[in-house]
Amino acid sequence: MRLILSSDATAREIGQVLELARRACGDHGAVSVDMLDGRMVMNLCTDGDGVDAAPFRGLEGVSVVEDAETIYRLAGLQDSPVATSCSPVEIARIDAVIGGDEVVVMAGPCAVENVDDLLRTAVAVKKAGAKFLRGGAFKPRTSPYSFQGIGDEGLEMLGRVGEEMEIGIVTEAMEPGAVEKVGQVADIIQIGSRNMQNFPLLKEAGRQPKPVLLKRGMSATLEEWLGAAEYVLNEGNAKVILCERGIRTFSRHSRHTLDLGVIPAIRERTRLPVIVDPSHATGSSGKVPSMSRAALAAGADGLLIEVHPDPSRAMSDGFQTLTFEQFDRLMAELKRIARAVGRSV
Ligand code: PEP
Ligand code: MN
């Protein structure tokens, strides 16, 4: 939280604000003081849940209180009195709503490889109950020597299969210049973890009409993630869906650490739907079913799951990818859990 003091704040007022700020930050926090255009600025940091802004509002000597809600004023709850509500994102072409009663499943290969496999996957996942086919034509890979996706050809395949199968298409745009062409095919444009704070890309995605699936950066705090969402919203695109995909921690037993606790934290702070990607979070197909079930029970509005006709020959992320049979089984389980928590799949 940041306090900007009035230019005419007296020494006594400054002292009182500083004392209150130090108390609010506690033993493990800190207050740093700076000057901005001749006015004193206090930055309040804690190692916990942040600082309650309320006692500083209207305090003598304080002219501006900037708290986390100031950062995400469009994503925030605004006037909504119900902390559990969110603004659903509708995709009319396939009659899908993300953030409604139905938990929406997006499934498909990590990367589009060829049209036969893509079509087979679309048939299988749609039959099992997925509303969207998800696959990358442009892949953000750690190494430049790894398979990078088949590019425009893959985009064209997604377009064809999406039309033919009447299934929604989710695919990634990696750079601002590609947003328009990806948007011509995709029902939802994915922005990947590695690009979460690519501000020109976020702004471009905000200037076009397709919904945006914003994956959490692997080392992003909730505030940074919501700040990124705000870049899209601030350009006029209100249709942002958040996707928790695991964060990097000291744990080595799984690829990333799936932060399911972020779901209620998002619900407390914002109106944006949130989905969970247990495939990239866990990095292993054996862990995907349990984390999918947990995500649904924790209140996720959807799931993003990697599925391939033969994961052992997938060109990327095969080890975390489900077979059609595994996906079928998981969907049956998810349907039961959804019923138990008053939703459907
Ligand atoms: C992906 O969804 O294909 C992907 C690469 O995931 P992330 O951006 O979360 O690493
Ligand atoms: Mn992948």
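What counts as what
Residues numbered from 1 in each chain as written. Chains lettered and ligands numbered in written order. Predicted model: local features only at pLDDT ≥ 70, side-chain atom pairs only at ≥ 80, totals over all residues. Heavy atoms only, no water. Pairing = 2+ DSSP bridges. Helix = DSSP H or I, 4+ residues; strand = E, 2+ residues; numbered from the N terminus. Axes fitted to C-alpha atoms, helices over the stretch in contact; angles between N-to-C directions. Contact = heavy atoms within 4.5 Å. Donors = N, O, S within 2.8 Å, 3.2 Å for Na, K, Ca; no water. Buried < 20%, exposed > 50% of the residue type's maximum accessible area, 1.4 Å probe, protein only. Near = heavy atom within 4 Å. Polar contact = N/O pair within 3.5 Å; in protein donor to acceptor, adjacent residues only side chain to side chain. Nonpolar A, V, L, I, M, F, W, Y, C, P; charged D, E, K, R; others polar. Domains from an automatic or database assignment. Core = buried A, V, L, I, M, F, W, Y, C linked by side-chain atoms within 4.5 Å.

### Some words on the sheet that holds strand 4 (residues 62–66)
Strand order across the open sheet formed by four strands is 2-3-1-4, with antiparallel pairing between neighbours. Strands at the two margins of the open sheet, each flanked by one partner only, are strand 2 (30–36) and strand 4. Each strand of the sheet is rotated relative to its neighbour by a mean of 20 degrees, with strand direction disregarded. Taken together, the seven bridges between strand 2 and strand 3 (residues 39–45) define a ladder with antiparallel strand orientation. Bridge pairing in strand 3 links Asp34 to Val41. On top of the sheet, helix 1 (residues 11–25) reaches strand 1 (2–5), strand 2, strand 3 and strand 4; it is set at about 15 degrees to strand 3, its chief contact.

### Focus on the coordination of the manganese ion (ligand 2)
The manganese ion (ligand 2) binds to the protein through Cys110 (SG), His280 (NE2), Glu306 (OE) and Asp317 (OD); the donor distances cover 2.0 to 2.4 Å. In primary-sequence terms, the residues that donate to the manganese ion (ligand 2) follow C-x169-H-x25-E-x10-D. Of this pair, His280 sits in helix 9 (residues 278–282) while Glu306 sits in strand 14 (residues 302–306), and the two are 26 residues apart along the sequence. Among the residues examined, Glu306 registers a relative accessible area of 0% and is labelled buried.

### Topic: the sheet that holds strand 8 (residues 132–134)
Sheet architecture is closed into a barrel: eight strands sit in the order 7-8-9-10-11-12-13-14, paired in parallel fashion. The mean angle between the axes of side-by-side strands here comes to 25 degrees, regardless of whether they run parallel or antiparallel. As paired elements, strand 7 (residues 104–108) and strand 14 share five bridges and run parallel to each other. Paired with Met106 across the bridge in strand 14 is Leu304. The sheet contacts of helix 3 (residues 115–128) involve strand 7 and strand 8, and relative to strand 8 the element is tilted by about 140 degrees.

### Quick notes on the site of ligand 1
What surrounds ligand 1 is the set Arg134, Lys139, Gln190, Gly192, Ser193, Arg194, Lys215, Arg245 and His280. Between ligand 1 and Lys139 there is a distance of 2.7 Å, counted from an oxygen atom to a side-chain nitrogen or oxygen. The contact in question runs from an oxygen atom of ligand 1 to an N or O atom on the side chain of Lys215, over 2.7 Å. Class assignment of the residues belonging to the shell around ligand 1 gives a composition of no nonpolar, four polar and five charged.

### Looking at the domain arrangement of the protein chain
A common way to report how large an interface is uses the accessible area buried once the components associate. Along its sequence, the protein chain is organised into domain 1 (2–66) and domain 2 (89–340). With centres defined by C-alpha atoms, the gap from domain 1 to domain 2 works out at 40 Å.

### Thoughts on unusual backbone geometry
Positive phi, normally seen in glycine, also occurs at Glu166, with a value near 50 degrees. Along the chain, Glu166 turns up in the loop between helix 4 (152–165) and strand 9 (168–172). The exposed category is assigned to Glu166, whose relative accessible area is 60%. In this structure, Asp317 takes a positive phi of about 60 degrees despite not being glycine. Counting through the fold element by element, Asp317 comes out in the loop between strand 14 and helix 11 (324–340).

### Topic: the nonpolar core
A general tendency of soluble globular proteins is for nonpolar side chains to be buried together. Core analysis: the largest hydrophobic core is formed by 71 residues, its most contacted members being Leu133, Leu214, Leu242, Ile305 and Phe327. In contact with Ile305, not counting residues within four places along its chain, are Val105, Met106, Ala107, Gly108, Pro278, Ser279, Val288, Ser292, Leu322, Phe327 and Leu330. If you look at the next biggest cluster of nonpolar residues, it comprises 15 residues, including Val89, Ala96, Phe132 and Ile275.

### Side note on the side chain of Asn237
Along the chain, Asn237 falls in the loop between helix 7 (222–234) and strand 12 (240–244). The class of Asn237 is buried, set by a relative accessible area of 3%. Only 2.9 Å separates the side chain of Asn237 from the backbone nitrogen of Lys239, close enough to count as a polar contact. Not counting residues within four places of it along the chain, the set of residues in contact with Asn237 comprises Ala205, Gly206, Gln208, Pro209, Lys210, Val212 and Val232.

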